[in-house]
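# Topology and contacts: notes
Each chain, letter by letter, is given below.
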Amino acid sequence: MANIPLQDWNHVLGTLDQLQQELTAAQQQIQAGQQAFANLQAQIQAQVPPAAITRKVEPFSNPGVYKGERAKFREWLVKMKMWVQAYTSAQPANMDKCLAVWSQMEGPIAGRYSHSRITECQEAGVWPPWDDLKDEVDTFFSPQLEREWARAQMQRMTQGAQSIETFLNNFTAMKQAGRVSDNYAFTVLVKAVKPEIVREVFIQGVDEGDFDSLRNQCRTVGQVMERVALIISQGHGWVNTAGGSC
């Protein structure tokens, strides 16, 4: 190997040291850049809520139950129509759509209407198509038709196995919805309540045509009779003072 002057070796070594320092600085800059990029990604992910990525977007939510509030009916019906149409693939048959609507109706008027229509369709085996169903529900809750329907229902009502409290509440709701006069409601209620209750009420005395008085007395007498019937059905053991039963 040719002899290289010492000063040249020193120059080479100095150059190598400089290159090593520059390489080390470059590596540090690369690492710093990678860390900065990782920090930026973490900040971006922290600012985006997970629900924004994973949440399933539904076009319409189920409008829920209509409980008979007149002021909320129109809004409920519009939302119900949109919901059924949005999910028509899940409710392909006429029966599916009818049950989807009628099963969400409750209350003295709406609940009785939906129950009677479901029963009628089940017995006939025929369910109205979607367009007819929309028109039917919309038309039924027009003031005039609702009054006529409530009056017809009231005329057909009988207490049967219902408790006196339940029956009177339903009867009164139909009377109010149908805007029936007290005199006429008095006559219908006399025929609708159990004969033994009406008999006891008239024995005690009630003014002809006084619907509120008849209703209140039927409630009082009926509740007493129901309690007596419950006690008799459960049996009763009398205990004497000696501690024995007889």
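This text goes with the structure placed above it.
The text that follows walks through the structure, step by step, so that each part is easy to find. All of these numbers come straight from a predicted model, not from anything done at the bench.

The next point concerns the overall build of the protein chain. Scanning the protein chain from terminus to terminus reveals eleven helices and zero strands. Ordering the α and β elements of the protein chain from the N terminus gives α-α-α-α-α-α-α-α-α-α-α. For the protein chain, the proportion of its 246 residues judged to be buried stands at 28%. By sequence separation, contacts in the protein chain at least 24 residues apart represent 61% of the contacts at least 6 residues apart. Carbon and sulfur atoms make up 55% of the accessible area of the protein chain, which totals about 16,400 Å².

On to the packing of helix α8 (residues 164-178) against helix α9 (residues 182-192). Contact pair α8 / α9: the axes reach a minimum separation of 12 Å and the direction vectors enclose 150°. It follows that α8 is roughly antiparallel to α9 by the angle criterion. For the pair α8 and α9, the sense of crossing is right-handed. In this structure, α8 uses Phe167, Leu168, Phe171 and Lys175 to contact α9, whose residues at the interface are Asp182, Ala185, Val188, Leu189 and Ala192. Looking at the contact of α8 with α9 residue by residue, the classes come out as seven nonpolar, no polar and two charged.

The next point concerns the pattern of salt bridges. Going through the model one piece at a time under the given rule, you end up with seven salt bridges. Notably, a salt bridge pairs Arg117 with Glu120, separated by 2.8 Å at the nearest N-O pair. One end of the pair, Arg117, and the other, Glu120, are both in helix α5 (residues 110-124), three residues apart, so they sit about a helical turn from each other. A residue is classified by how much of its surface remains accessible, and Arg117, at 17% relative accessible area, is buried. One salt bridge in this structure joins Lys134 and Asp131, with 3.5 Å as the shortest N-O distance. Highlighted residues: Lys134 and Asp131, both in helix α6 (residues 130-140), separated by three residues, approximately one helical turn. Several salt bridges converge on common partners, so that one network encompasses Arg117, Glu120 and Glu136.

Turning our attention to the state of the cysteines. Taken as a whole and assessed by the stated rule, the structure comprises zero disulfides. The cysteine Cys121 is free of any disulfide, with Cys98 supplying the nearest cysteine sulfur at 5.7 Å.

So, how was this worked out
- Residues numbered from 1 in each chain as written.
- Predicted model: local features only at pLDDT ≥ 70, side-chain atom pairs only at ≥ 80, totals over all residues.
- Heavy atoms only, no water.
- Helix = DSSP H or I, 4+ residues; strand = E, 2+ residues; numbered from the N terminus.
- Buried < 20%, exposed > 50% of the residue type's maximum accessible area, 1.4 Å probe, protein only.
- Contact = heavy atoms within 4.5 Å.
- Areas by Shrake-Rupley, 256 points an atom, 1.4 Å probe, with all protein chains shown as cover.
- Axes fitted to C-alpha atoms, helices over the stretch in contact; angles between N-to-C directions.
- Parallel < 35°, antiparallel > 145°, perpendicular 65-115°, else oblique.
- Left-handed = near helix turned anticlockwise from the far one by under 90°.
- Nonpolar A, V, L, I, M, F, W, Y, C, P; charged D, E, K, R; others polar.
- Salt bridge = Lys/Arg side-chain N within 4 Å of Asp/Glu carboxyl O.
- Disulfide = S-S within 2.5 Å.

The values reported here are purely geometric and, on their own, carry no functional implication.
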